[in-house]
Amino acid sequence: IRGHSAGFPQGASMGQVKILVADDEPDMCYFVRELLEAHGYAVLTTSNAAVVEHLCAKEKPDVVLLDVVMPQKRVEPIIEGLRRNGELKGLKIIIMSGLGVMVFVTKLQNWRWIPNNPAVQSRGQVVDDRIYWKAAEAYGVDDYIQKPFSPETLMAVIDHLLEKRPDRKSVV
């Protein structure tokens, strides 16, 4: 399958946490892979959204870092497919996005992504600023991280999900 690394490293130990990174930006995949491998995680990357479900079924990662906007497939059906797969019951899904912020739009009575644009946010439609758990809840995933993010923030999110750190806010 094009656009991804060929599987988790052969030297990955049985107890090593496996993380799949799915982002259409090669630099982001590289940055995240280097960071996670330096912290002892086995990492698989893909730039092709259409293969995320297949890779998860085949490789059984513990965590998926999934970019919200990828050209091949919308993120919502990917998340739904992963959640329906009984073999992936313990899978933790983190979405990443540089789109803007998640806000509640009063007129629509719904959550929407709003660009990082003060003019949009000053129209009086925004009731509540995006908080990471609200964005995660809206997508049906375990956590959300806004791009760009620091290495410390990414590690805090992952460590919190894997219960290595009791409070995500300790760094973010």
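Residues numbered from 1 in each chain as written. Predicted model: local features only at pLDDT ≥ 70, side-chain atom pairs only at ≥ 80, totals over all residues. Heavy atoms only, no water.

S.K.: Please explain the overall build of the chain as it appears in this structure.
M.R.: Secondary structure assignment for the chain yields six helices and seven strands. The linear arrangement of helices and strands in the chain, starting from the amino end, is β-α-β-α-β-α-β-β-β-α-α-β-α. By residue count, 44% of the 172 residues in the chain fall in the buried class. Within the chain, contacts between residues at least 6 apart in sequence are counted, and of these 63% link residues at least 24 apart. As presented, the chain carries roughly 9100 Å² of accessible surface, and 50% of it is formed by carbon and sulfur atoms. (Helix = DSSP H or I, 4+ residues; strand = E, 2+ residues; numbered from the N terminus. Buried < 20%, exposed > 50% of the residue type's maximum accessible area, 1.4 Å probe, protein only. Contact = heavy atoms within 4.5 Å. Areas by Shrake-Rupley, 256 points an atom, 1.4 Å probe, with all protein chains shown as cover.)

S.K.: I keep staring at the pairing of strand β1 (residues 18-22) and nothing clicks. Help me out?
M.R.: As a general feature of sheets, a regular strand has side chains that alternate between the two faces. Extensive coverage of β1 is indicated by the burial of four of its five residues. Alignment of β1 against strand β2 (residues 42-46), held across five bridges, turns out to be parallel. Looking at the pairing, K18 lines up with A42 of β2. Handedness of the crossover joining β1 and β2 through helix α1 (residues 26-38): right-handed. Pairing of β1 with strand β3 (residues 63-67), which is carried by four bridges, proceeds in the parallel orientation. Each bridged residue has a counterpart across the sheet, and for A22 the counterpart in β3 is L66. (Pairing = 2+ DSSP bridges. Right-handed = clockwise from strand over helix to strand, strands pointing away.)

S.K.: What should I look at first to understand the nonpolar core in this one?
M.R.: One recurring pattern in soluble globular proteins: nonpolar side chains tend to sit buried together. Counting 24 residues, the largest nonpolar core has V52, C56, L66 and L82 as its most contacted members. No other element matches the four residues that helix α3 (residues 75-84) contributes to this core. Dropping the residues within four chain positions of it, C56 is found in contact with L20, P61, V64, L82, L88 and L91. Residues L35, I94, L154 and I158 belong to the second largest nonpolar core, which totals 21 residues. (Core = buried A, V, L, I, M, F, W, Y, C linked by side-chain atoms within 4.5 Å.)

S.K.: How should I be thinking about the pattern of salt bridges in this particular structure?
M.R.: When their charged atoms lie close together, side chains carrying opposite charge are able to pair. Tallied over the full model, the rule gives nine salt bridges. Across the pair D67 and K147 runs a salt bridge whose closest N-O atoms are separated by 3.3 Å. Taken together, the residues D67 in strand β3 and K147 in the loop between β7 (143-146) and α6 (151-161) connect sequence positions 80 residues apart. Each member of the salt-bridge network shares a partner with another, and the members are D23, E25, D67 and K147. (Salt bridge = Lys/Arg side-chain N within 4 Å of Asp/Glu carboxyl O.)

So, to be careful, I would describe these as geometric facts and stop short of saying anything about function.
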